[in-house]
Amino acid sequence: MSADEAALKTCHERINLSVAASHQAENGSVTTVSSKESEEATYAFLPPIESTDAHLHEFAEAMRTVGKALRQVAEGKAAAQAEAAEWKRKYESEKAAKAHTHHSVIKGCSNCVKDKLEHLASKLTLETASVDETGCCGNHGICSRQILQDQCPGPNRKSDDRIVGRKVPFRLSWGSNGDKNGQHKHDFVSFEKGDITTAERSNKQIFLKWDSPPQTVLFVTKPNSNSVHALCSEMVRWLKEHNNINIFVEPRVSKELLIEDSYFNFIQTWDNDQEMKTLHTKVDLIVTLGGDGTVLWAASLFKGPVPPVVAFSLGSLGFMIPFPSEQYRECLGNVLKRPFTITLRSRLQCHVIRDAAKDEVETGEPILVLNEVTIDRGMSSYLTYLECYCDSSFVTCVQGDGLIISTTSGSTAYSLAAGGSMVHPQVPGILFTPICPHSLSFRPLILPEYVTLRVQVPFNSRGQAWASFDGKGRIQLGPGDALICSVSPWPLPTACLVDSTTDFLRSIHEGLHWNLRKSQALDGPA
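As annotated in an unreviewed UniProt entry, the protein chain is NAD(+) kinase from Triticum aestivum. Per UniProt, the protein chain carries the Sequence similarities (unreviewed entry) text "Belongs to the NAD kinase family." Quoted verbatim from the Catalytic activity (unreviewed entry) field of UniProt, the annotation for the protein chain is "NAD(+) + ATP = ADP + NADP(+) + H(+)".

**Student:** How should the overall build of the protein chain be read in this particular structure?
**Tutor:** Along the protein chain, the regular secondary structure elements total 13 helices and 21 strands. The buried share of the protein chain, taken over its 526 residues, is 42%. The long-range fraction of contacts in the protein chain, counting pairs at least 24 apart against all pairs at least 6 apart in sequence, stands at 68%. Looking at the protein chain as shown, the accessible area adds up to about 29300 Å², and 52% of this sits on carbon and sulfur atoms.

**Student:** Explanation requested: the environment of Ser468 in the structure shown.
**Tutor:** Considering the arrangement of structural elements, one finds Ser468 in strand β18 (residues 465-469). With relative accessibility at 8%, the residue Ser468 sits in the buried group. Between the C-alpha atoms of Ser468 and Val369, which are 99 residues apart in sequence, the distance is 9.8 Å. Look past the residues within four positions of Ser468 in its chain and what remains in contact with it is Glu372, Val373, Thr374, Gly473 and Arg474.

**Student:** It is not clear to me how unusual backbone geometry should be interpreted in this structure. Could you clarify?
**Tutor:** Negative phi characterises most residues that are not glycine, and trans characterises most peptide bonds. A positive phi is found at Asp391, a non-glycine position, where the angle reads about 55 degrees. Positionally, Asp391 belongs in the loop between β13 (384-390) and β14 (393-406). The backbone of Asn515 shows a phi angle near 55 degrees, a positive value even though the residue is not glycine. Turning to its location among the elements, Asn515 is positioned in the segment after α13 (500-512).

**Student:** How should the nonpolar core be read in this particular structure?
**Tutor:** Nonpolar side chains tend toward joint burial in soluble globular proteins. Counting 32 residues, the largest nonpolar core has Phe219, Met235, Leu239, Ile247, Leu289, Phe312 and Leu332 as the members making the most contacts within it. Of all the elements, helix α7 (residues 226-243) adds the most residues to this core, at seven residues. Apart from residues lying up to four places away in sequence, Phe312 is in contact with Met235, Val287, Thr288, Leu289, Gly290, Ile321, Phe323, Pro324, Ser325, Tyr328, Cys331 and Leu332. If you look at the next biggest cluster of nonpolar residues, it comprises 27 residues, including Val352, Cys388, Leu403 and Ala465.

**Student:** In this structure, what is going on with the layout of surface pockets? I would like to understand it.
**Tutor:** Think of a ball as big as a water molecule: rolled over the atoms, this probe shows where empty space is left. Put simply, the second largest pocket is a space of about 430 Å³. What lines the second largest pocket is a set of 28 residues, among which Gly318, Phe319, Met320, Ile321 and Ser507 lie closest to the centre. Those elements that provide at least two residues to the lining of the second largest pocket are β9 (340-345), β21 (492-495) and α13. With seven residues, α13 is the single largest residue contributor to the lining of the second largest pocket. When residues of the lining of the second largest pocket are assigned to domains, at least three map to each of domain 2 (105-345) and domain 3 (348-487).

**Student:** Mind showing me how you'd approach the packing of aromatic side chains here?
**Tutor:** Tallied over the entire structure, the rule returns eight aromatic pairs. Relative to Phe266, the ring of Tyr263 has its centre 5.5 Å away and its plane inclined at 80 degrees; by these criteria the two rings are edge-to-face. The class for Tyr263 is partly exposed, based on a relative accessible area of 29%. Where Tyr389 meets Phe394, the ring centres are 5.5 Å apart and the plane angle is 65 degrees; that geometry is what we call edge-to-face. We classify Tyr389 as partly exposed; its relative accessible area is 24%.

**Student:** Honestly, the environment of Cys496 in this entry has me stumped. Any pointers?
**Tutor:** Note that Cys496 resides in the loop between β21 and α13. We classify Cys496 as buried; its relative accessible area is 7%. Residues Cys496 and Ile342, 154 residues apart in the sequence, show an inter-C-alpha distance of 5.3 Å. In this structure Cys496 touches Phe323, Thr341, Ile342, Thr343 and Asp503, once residues within four positions along its chain are discounted.

**Student:** Teacher, can you tell me more about the packing of α7 against helix α8 (residues 251-260) here?
**Tutor:** Any two packed helices are characterised by the angle at which their axes cross and by the distance between the axes. The geometry of α7 relative to α8 is characterised by a closest axis approach of 11 Å and an angle of 75 degrees between their N-to-C directions. Taken as axis vectors, α7 and α8 run roughly perpendicular relative to one another. Within the contact between the two elements, α7 uses His229, Cys232 and Ser233 and α8 uses Val253, Glu256, Leu257 and Glu260. Class assignment of the residues belonging to the contact of α7 with α8 gives a composition of three nonpolar, two polar and two charged.

**Student:** Honestly, α8 in this entry has me stumped. Any pointers?
**Tutor:** For the α-helix, the turn length of 3.6 residues means that residues three or four positions removed from each other point alike. Those residues of α8 lying buried are Val253, Ser254 and Leu257. Taken around the axis of α8, the buried residues stretch over an arc of 105 degrees, which confines them to a single face. Opposite the buried face of α8, at more than 90 degrees from it, the exposed residues are Lys255 and Ile259. Among the structural elements, β4 (216-221), α7 and β5 (246-249) are those in contact with the buried residues of α8.

**Student:** What am I meant to see in the pattern of salt bridges here?
**Tutor:** Pairing is possible between side chains of opposite charge, provided their charged atoms come close. Under the criterion given, the structure shown has eight salt bridges. Its salt-bridge partner being Asp481, residue Arg354 comes within 3.0 Å of it at the nearest N-O pair. Linking Arg354 in the loop between β10 (348-353) and β11 (367-369) with Asp481 in the loop between β19 (472-477) and β20 (482-487), this pair joins segments that are 127 residues apart in sequence. On the basis of relative accessibility, which here comes to 37%, the residue Arg354 falls in the partly exposed class.

Cut-offs used in this document
- Per-chain numbering applies: the sequence of each chain, read as written, is numbered from 1 onward.
- Only residues with pLDDT of 70 or above have their local features reported here, since the model is predicted, and side-chain atom pairs are shown and tallied only from 80 upward, although totals for entire chains, interfaces and linings are computed over all residues.
- To obtain the side-chain values, all non-hydrogen atoms of the structure were included, while hydrogens and water were left out.
- UniProt positions are given in the numbering used here, feature names are shortened, and annotations may be inferred rather than shown by experiment.
- Here a helix means four or more residues in a row that DSSP labels H or I, a strand means two or more in a row labelled E, and each is numbered from the N terminus.
- Each residue is assigned to one of three classes by its accessible area relative to the maximum for its type, calculated with a 1.4 Å probe on protein chains only: buried under 20%, partly exposed between the two thresholds, exposed over 50%.
- By the convention used here, residues are in contact when the closest approach between their heavy atoms is within 4.5 Å.
- Using a 1.4 Å probe, the Shrake-Rupley method yields the accessible areas, and only the shown protein chains count as cover for residues.
- What we call a nonpolar core is a set of buried Ala, Val, Leu, Ile, Met, Phe, Trp, Tyr and Cys residues that are connected through their side-chain atoms within 4.5 Å.
- Residues are said to line a cavity or pocket when one of their atoms sits within 4 Å of a point; the points come from a 1 Å grid over protein atoms alone, cavities being sets where a 1.4 Å probe fits but cannot get out and pockets being open sets with protein on both sides within 12 Å along at least five of seven lines.
- Grid points are joined across faces, edges and corners, and a volume is the space filled by probe spheres set on the points.
- Domains are outlined according to an automatic or database domain assignment.
- By convention, a stacked pair of Phe, Tyr or Trp rings (six-membered ring in the case of Trp) has centres within 6.5 Å and planes under 30 degrees apart, an edge-to-face pair has planes over 60 apart, and any other such pair is tilted.
- Axis angles are defined between N-to-C directions and span 0 to 180 degrees, where every axis is a line fitted to C-alpha atoms and, for a helix, only to the segment in contact.
- The labels follow the angle: roughly parallel below 35 degrees, roughly antiparallel above 145, roughly perpendicular from 65 to 115, and oblique for the rest.
- Polarity classes work like this: nonpolar for Ala, Val, Leu, Ile, Met, Phe, Trp, Tyr, Cys and Pro, charged for Asp, Glu, Lys and Arg, and polar for all others, with Gly in that last group.
- By definition, the arc is the one covered by directions from the helix axis to the C-beta atoms.
- Salt bridges are counted wherever a side-chain nitrogen of Lys or Arg sits within 4 Å of a carboxyl oxygen of Asp or Glu.

What follows is the structure in C-alpha cells.
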C-alpha cells in the first residue's frame, strides 16, 4: 500500500468516527435519503478533483457521497450510517480486488486530493459537533438560544414539555427616512433574554485624538475689531514660530495682515468660491476669534465636512465659544498635542422648492444652517399661513407671525426667545417652534433628527412668506412654494474646554443668568 493510500485511509477512518459521534448525539434517529439525492448534493458541496488515476477517482466519488451524508446529519435531517457503510464496503472490496494492480500516483495531484479530503473531514466534524451541542436549528444566522436563554426545540426535547412565556426571537434592522439624505445613524443595542436596552449614547463624551500633529490652521475672525485683529496677528506669529503651522485666513484678513507687515507673506487664502469648496481637504483645524456669529460664519464656509473648531471668546454673548482668549497658548497647545473632547453640533440642510418645478428634486446645493431657519410674514400685514408635514404625515397649519425650525445648538437663540426649550446640543432632534401663534394650544415640539420637514405656503394664503437662514439670506416663498428641511450628514465639531455638558451648563448660567434669584432668608420658624 502506498503512502498516499495510507493517508486517504486515515482520513476516511476519521470521517467514520465523526459519523458515529453525530448519530449518537441524535439518539439513533435515522432518516433514509436516496443515493441520487446524496450524489447530487455531494457534487454541489465538494469542488471537482482532477486526477488521472481511476482508483483515486472512484474513491473521490465515494467520499463525496459520504460528505453528503455528514451534511444531512449536521442539518438535523437524518443520519446516513447505512449508506456510508455501504460505500465503505464497496471501497474495501474494490481495494482488495485490485491490490495486485499497478498504482500510479501523479505528483502534486494526489497531495491536493489528500489535503482537500482532510480539510473536508475536519470541517464536517466541527459543524456536526457545534450543531449537536446547541441543539438548535441554526438556519437563520443567529440561533434563538444566543438571544433567549429559554428552551429551544431540539432532538432531546420531550413531547410533554411546556414552554411558558417564551419570547419569540427577533432581529433589528436600522434605517430611517433620512437615509435618502445621506444620514448615518449608529446606535448600540444589547440583547438580554429578548429585551432591548440602548447603551449610553456615544459613551457620554466624544474624544478626538490626532493620528499625527495638525499641519494647517484656518483663522476666521470677527470683522471691524481692532482687538480681534491684534490678537489674530499675535496668534499667527506664535503658531508659525513655535509650531511651524501652515496658516489659512480669509481674503479680507490676508490683505489686512500684509498691509500691516510683510512678515505675513507665508499666509495662504483663497481667491474664489471653487477654491473655498476644497478647504476641508487642506485645513486640519479652525480657530475662530469672536462670538457665536463668527462660529456661524465659519460653519457657512463649509458645505460638506467641517474640520474641528476651536472658538475663542471675543464677543458680547456666546454659547459656543468656551475658550478664553487670554490663555490661547495653553488652550491651543492642548488641542494640538493631546486628545480633547468635542461636541458634534447638528446642522440643517434646506431646499427651496418652487411650485413651477412640480417636483421635490432640487438641482442647486442645499443651504446649511447651524442655528435655525425662520419662515415669517416679512413686510406683510397678514398672518402667515403655512402647512407643515413631517415625512408623509400632516403636522399642523401655522397661523401667526411665523415658524422656527431649529437645531439643538440653536435652541438658546431665536427658538428660546419664541418660547422653545433649551436643549443640550448633542441631543439628536429638531425643534419646531411657532412665532406668536394665533392659538393658545400651539406649543413647541421636539422631533427626532431623522425626519424630513416640509413647510409649504398654500395657494389660499393671503400673503407670501420669507425664509431666512441663520439670520441672513432671505428668500421669498410664494403660494405653492415649499421649504424642505432635514439634518445634514455633516455636523460641526466644536472643541470643548472641559466637556460638552459642563460647557453647555456654564454657558446658560453665565450668558443667560439661568434661574438666578435671591435665596430665601433664614428667618422662618425653628
